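Structural characterization, general
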Amino acid sequence: MTPLAQMAAEVLTTADPRAKTDLSRRHAAAWLAARAEGVLPEIGTAEPPDRPARPDRPELLHPRDVPRRKPGTPAGRIALLHAVAHIELNAVDLHWDVIARFAHIPMPPGFYDDWVRAADDESKHWGLMADCLEAEGSHYGALPAHAGMWRAAEDTAQDLMARLAVVPMVLEARGLDVTPGMIDIFRRAKAEQAVAALETIYAEEVSHVAYGSKWFHFLCGRHDLDPKDVFHDLVRRHFHGALKPPFNEEKRAEAGLPPDFYWPLTESA
Ligand SMILES: [Fe+2]
Ligand SMILES: [Fe+2]
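Residues numbered from 1 in each chain as written. Chains lettered and ligands numbered in written order. Predicted model: local features only at pLDDT ≥ 70, side-chain atom pairs only at ≥ 80, totals over all residues.

The contact between helix α1 (residues 4-12) and helix α2 (residues 17-36) brings their axes to 9 Å, and the two run at 165°. Judged by the inter-axis angle, α1 sits roughly antiparallel to α2. Relative to α2, α1 is oriented so that their crossing is left-handed. Mapping the contact onto sequence places L4, M7, E10 and V11 in α1 and K20, L23, S24, H27 and W31 in α2. Of the residues contributing to the contact of α1 with α2, the split by class is five nonpolar, two polar and two charged. (Axes fitted to C-alpha atoms, helices over the stretch in contact; angles between N-to-C directions. Helix = DSSP H or I, 4+ residues; strand = E, 2+ residues; numbered from the N terminus. Parallel < 35°, antiparallel > 145°, perpendicular 65-115°, else oblique. Left-handed = near helix turned anticlockwise from the far one by under 90°. Contact = placed C-beta atoms within 7 Å. Nonpolar A, V, L, I, M, F, W, Y, C, P; charged D, E, K, R; others polar.)

Attention shifts here to the domain arrangement of the chain. Domain parsing of the chain yields domain 1 (1-49 + 57-150) and domain 2 (156-269). Elements that contribute at least two residues to the side of domain 1 that touches domain 2 include exactly α3 (74-101) and α4 (109-135). Top element by residues in the side of domain 1 that touches domain 2 is α4. It accounts for nine residues. In terms of residue class, the side of domain 1 that touches domain 2 is made up of 13 nonpolar, one polar and four charged. (Domains from an automatic or database assignment.)

Turning our eyes to something else, we now look at unusual backbone geometry. The residue after R57, namely P58, is reached through a cis peptide bond having omega 5°. Secondary-structure assignment places P58 in the loop between α2 and β1 (60-61). The omega torsion of the bond from P245 to P246 falls at 5°, within 30 degrees of zero and hence cis. Inspection of the secondary structure puts P246 in the loop between α8 (227-238) and α9 (249-254). Unlike most non-glycine residues, K190 shows phi in positive territory, near 55°. Relative to the elements of secondary structure, K190 occurs in the loop between α6 (160-188) and α7 (192-222). At D224, a position not held by glycine, the phi torsion is positive, near 55°. Take D224: it is sitting in the loop between α7 and α8.

Shown next, in the form of structure tokens:
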């Protein structure tokens, strides 16, 4: 079997989103099947690209130039699905990037299991959103998307603890805050396929935040550091801007993220 870090680099260097997510799911299935048989395949090392390969479309724009549409309209709902699809594709690359970029740091096998599983979930999530877009007569790539999504990866490329603090514990946790409101928008529009897809995403994202919190705490323990203080320090240094309430405190708690981690990072704190 190809070493895991190399599998990760292969996903990162595949541009077509359907090909990227298919390869991601195949690699994840191979890893998880080996692990289920009690085998620990080689992790190896890889040189991931600074930025993952992406298709020519969507056109990537500065967030302020991405047109805003009213969520109550069909066009607004398509724009919302498109934005989520873009986030999910980015998330596929983010999870494989953790594996490839930090492969030199010795971690227990369970760390790779979690990241491979999350990458597989994200690949499925992109597919769910792409299917919803197609059911609405659109497709991923039809609208412009945010150019800044890889910034968090670049800002934390040197530091695994910073990556865990910013990506799963800040950005993916933010997903838990906003997804219920999105589900309501589609429920009001009686868009059943989108409701079901977003509910799947919402349920699975809790585990991604939990993986982040689990391995962040693990690394704090390894280095004898206070998790809360280190989290605040790393987020202030590597994440641009304050965290925005309201927070989904219940789901954040379920994911191992207590209030004293995020409240001190809000603007009013
Ligand atoms: Fe996702
Ligand atoms: Fe996720």
